[in-house]
Each structure stands twice: as C-alpha cells, then as structure tokens.
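Architecture and fold: a report
So the chains spell out like this:
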Amino acid sequence: MILVTGATGTVGGAVARRLAEAGEDVRALVRSPEAARLPAAVDPVRGDLTDPASVEAAMHGVDGVFLVWPLPEAAPVVPVLEAVRLHAERVAYLSSAGVDPDAEEQGDPITATHAEVERALAASGLTWTAVRAGGFAANDLAWAESLSGGGSVVRTPFPEARRAVVHEDDLADVAIRALTAEGHGGRAYTVTGPEMLSETERVHVLGEEIGRPLKTERMGLDEARTRLTAAGLPAEAAEGILEAHRTFSDPSYTEERHTAQEVTGVPPRTYRQWAADHADAFR
Ligand SMILES: NC(=O)c1ccc[n+]([C@@H]2O[C@H](COP(=O)([O-])OP(=O)(O)OC[C@H]3O[C@@H](n4cnc5c(N)ncnc54)[C@H](OP(=O)(O)O)[C@@H]3O)[C@@H](O)[C@H]2O)c1
C-alpha cells in the first residue's frame, strides 16, 4: 500500500491516478476527504501534514509514501518522518531541480525548504528518493483563465522566457519507480521536460492542440507585479518570480535536461503531449 500526500494537487494527483491504474493499493492523505475528487480505487483518509499524529493514523499497512511538502518551513517534516518510519520504509519526495546539495545557501526560500527536507530525509533512517522537479508544464494552467471561453491572447511579462517544462505524469512515473522497484534508495533524480520552449512557443503549441490560433502579448512589469501581489504573494516572492523569469529570458539561458527516461527507460512526454492531455482546460 502506498500513501500519497498532495493527492488533490498536480503531482500527487498524477501519482495516485497512475498507481491506481497500475493496480497498486493507494491511500490518499487529504485534509477534506468529502471535497477530494480522487479515482474510485483511491482510498481517502483525513490527515494534515501539520499534524504528525494524523499522518501516523493513516499509516497502517503502508509500505511507501509519496511526500509533497507544501509548508513554508521544513522543520515540521521531522516528526512526520518519524511517524512514517514507525510503519513504512520508503519515501519518494517531490523536491526541486533548483536544489544544490553542495551550496551553503540555496537560491530562494522555497528551494531552501526543499534542501532542508532532503537533509531531514537523509537523517531519518528511511529509504528515500528525491524527485527534483524542473518547472511544471502545469504552471501554464494559469493561462486557462484568459483562454477558456474563446480568448486567444496570453498576456505575460516575459513571453521569451524559455524552460524545459515537465509533464506531471513523468514526475509521477519516476516517483512510482522509486517506490515500487529496487535500487533507488538514497538517490536524487532531477527530472525536466525534453525541450526548451519559450512561453510564446508553448502558447502556439497549445493553440494547435485546442484548434485555434493563440498568441502572447507583453504585459508591463508593474502590472505583472500588481497581479502577483493581488493573487496573495508577498512582495518579495513576487519579485523573486519576476527575477527568475528575467533569467529564463536571457538568450544564453539554458537548462540541463535530465528526463524521466533516465529512470523509467520510457521517452519523456513532450509539451505537445501535455497540451493535448489538458486541452479541455483551455477551450
Ligand atoms: N510549480 C513548479 O514549477 C514546481 C517545480 C519544482 C517543485 N515544485 C514543488 O512542488 C510542490 C507542489 O506540488 P504540486 O504543484 O503537485 O501541489 P499543488 O497542486 O500545489 O497541491 C498542493 C497539495 O498539497 C496539499 N496540502 C497543502 N497543505 C497541506 C497540509 N497542511 N496537509 C496535507 N496536505 C496539504 C493540498 O491538499 P488540499 O486539497 O488539502 O489543499 C494539495 O493536494 C511544492 O513543494 C513546490 O515547491 C513546484
């Protein structure tokens, strides 16, 4: 039995669905079982990562855990891992490709939290695997608001920002391999998509998949800043996102690609595949 955290979210959702499709026993730790929309074969159990006792209560019969850590601080993961270790051996953790295990300081607070969770895992006595994700293709679902209902323009401050975005199912497949096959303990796998594509290029691919031409238009930085803070981001975090996209827009910027294929042996899903899988969200 695998316990999946974050099963109502992007990657945990893919892990729960793909495990269930493969016929594995899956339990989902969710904060609101009544609101969680999960595949019928997935057993929802109420729990909260801020409450280690609730995690332990969900652990009976569990051998492996898919862990997302949505909290800003890493320290509360320690009692959660202790609760896991009372019952299970393996953990696959959704980390970030931004983690530099050799750096004294990580590039931003979120990456620092991931690095700290990875250190807690290494000290936990569990058999752990870190899935260090590149930028998610699923971040582009933010464009659905302006496109669904017939829109054809994506306004963005950095249309030329290029990334090798990754399909959530590729992240899920690597995590599932780590949880269900031998030989992945103590390993950290960076997993990106296979190709560097700008936002404008991705918008064009999306248009081809949904069957109408789409384009990007540049949004001013002040407006972008205002929108990010209005969406609830602290000013510093908003600035961090804009700064990162400025870097992604530099013509010399490139990302080292490591795809799921290095772990699964199966060619990685392309952005076009992701767009086809999610076309309905943009129609
Ligand atoms: N976006 C990217 O490009 C990117 C790249 C690399 C790494 N990451 C990392 O990926 C992680 C996010 O993964 P995601 O996008 O798949 O998640 P997501 O879609 O944002 O969903 C978050 C999940 O966490 C659950 N959750 C939140 N607080 C919880 C709590 N206190 N106890 C139990 N469950 C809780 C939510 O469940 P509820 O239904 O209860 O809300 C939801 O299922 C973050 O750690 C992020 O840093 C993201």
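Residues numbered from 1 in each chain as written. Predicted model: local features only at pLDDT ≥ 70, side-chain atom pairs only at ≥ 80, totals over all residues. Heavy atoms only, no water.

If you tally the helices and strands in the protein, you get 12 helices and 11 strands. Compactness check: the protein gives a C-alpha radius of gyration of 19 Å against a globular reference of 19 Å for 283 residues, within 12% of the reference. The principal-axis extent of the C-alpha atoms belonging to the protein is close to 55 × 45 × 35 Å. Residues counted as buried form 46% of the 283 residues belonging to the protein. Contacts in the protein between residues far apart in sequence, at least 24 positions, make up 74% of those at least 6 positions apart. When the accessible surface of the protein is totalled, it reaches about 13600 Å², and 50% of it is carbon and sulfur. (Helix = DSSP H or I, 4+ residues; strand = E, 2+ residues; numbered from the N terminus. Rg over C-alpha atoms; globule rule 2.2 N^0.38 Å. Buried < 20%, exposed > 50% of the residue type's maximum accessible area, 1.4 Å probe, protein only. Contact = heavy atoms within 4.5 Å. Areas by Shrake-Rupley, 256 points an atom, 1.4 Å probe, with all protein chains shown as cover.)

Relative to the elements of secondary structure, aspartate 173 occurs in helix 6 (residues 168-180). Judged by its relative accessible area of 18%, aspartate 173 is buried. Apart from residues lying up to four places away in sequence, aspartate 173 is in contact with Arg18, Thr264 and Arg269.

Let us now look at the site of the ligand. The full set close to the ligand counts 21 residues, and Thr8, Val11, Arg31, Asp48 and His114 are the nearest of them. Take asparagine 139: an N or O atom from its side chain is 2.8 Å from an oxygen atom of the ligand. Contact with the protein chains covers 74% of the free accessible surface of the ligand, which is 930 Å². Elements with a minimum of two residues in the shell around the ligand: helix 1 (10-21), strand 5 (90-96) and helix 4 (109-122). Residue composition of the shell around the ligand, grouped by class: 10 nonpolar, 9 polar and 2 charged. (Near = heavy atom within 4 Å. Polar contact = N/O pair within 3.5 Å; in protein donor to acceptor, adjacent residues only side chain to side chain. Nonpolar A, V, L, I, M, F, W, Y, C, P; charged D, E, K, R; others polar.)

Examined at the domain level, the protein breaks down into domain 1 (2-133) and domain 2 (137-166 + 194-255 + 269-283). Look at where the C-alpha atoms of domain 1 and domain 2 centre, and you get two points 27 Å apart. (Domains from an automatic or database assignment.)

Time to look at the packing of aromatic side chains. What the rule picks out here adds up to 3 aromatic pairs. Ring geometry for phenylalanine 248 versus tyrosine 253: centroids 5.2 Å apart, planes at 50 degrees, classification tilted. Relative accessible area serves as the criterion here: at 11%, phenylalanine 248 is assigned to the buried category. The exposure class of tyrosine 253 is buried, given its relative accessible area of 17%. For the cation-ring pair, arginine 202 lies above tyrosine 271, with the distance from its terminal atom to the ring centre recorded as 5.8 Å. (Phe/Tyr/Trp six-rings, centres within 6.5 Å; stacked < 30°, edge-to-face > 60°. Lys NZ or Arg CZ within 6 Å of the ring centre and 35° of its normal.)

Turning our attention to helix 6. End to end, helix 6 covers 18 Å across 13 residues, agreeing with the expected 18 Å (1.5 Å per residue, within 8%). Counting buried positions along helix 6 gives 11 out of 13 residues, so the element sits mostly inside the fold. Listed in full, the buried residues belonging to helix 6 are Glu168, Asp169, Asp170, Leu171, Ala172, Asp173, Val174, Ala175, Ile176, Ala178 and Leu179. (Expected span 1.5 Å × (residues − 1).)

Another point: the packing of helix 1 against helix 6. Contact pair helix 1 / helix 6: the axes reach a minimum separation of 8 Å and the direction vectors enclose 60 degrees. If you check the angle between helix 1 and helix 6, you find them oblique. With respect to the hand of their crossing, helix 1 and helix 6 are arranged in right-handed fashion. Contacts between helix 1 and helix 6 involve Thr10, Val11, Ala14, Val15, Arg17, Arg18 and Leu19 from the former and Glu168, Asp169, Leu171, Ala172, Asp173, Ala175, Ile176 and Thr180 from the latter. (Axes fitted to C-alpha atoms, helices over the stretch in contact; angles between N-to-C directions. Parallel < 35°, antiparallel > 145°, perpendicular 65-115°, else oblique. Left-handed = near helix turned anticlockwise from the far one by under 90°.)

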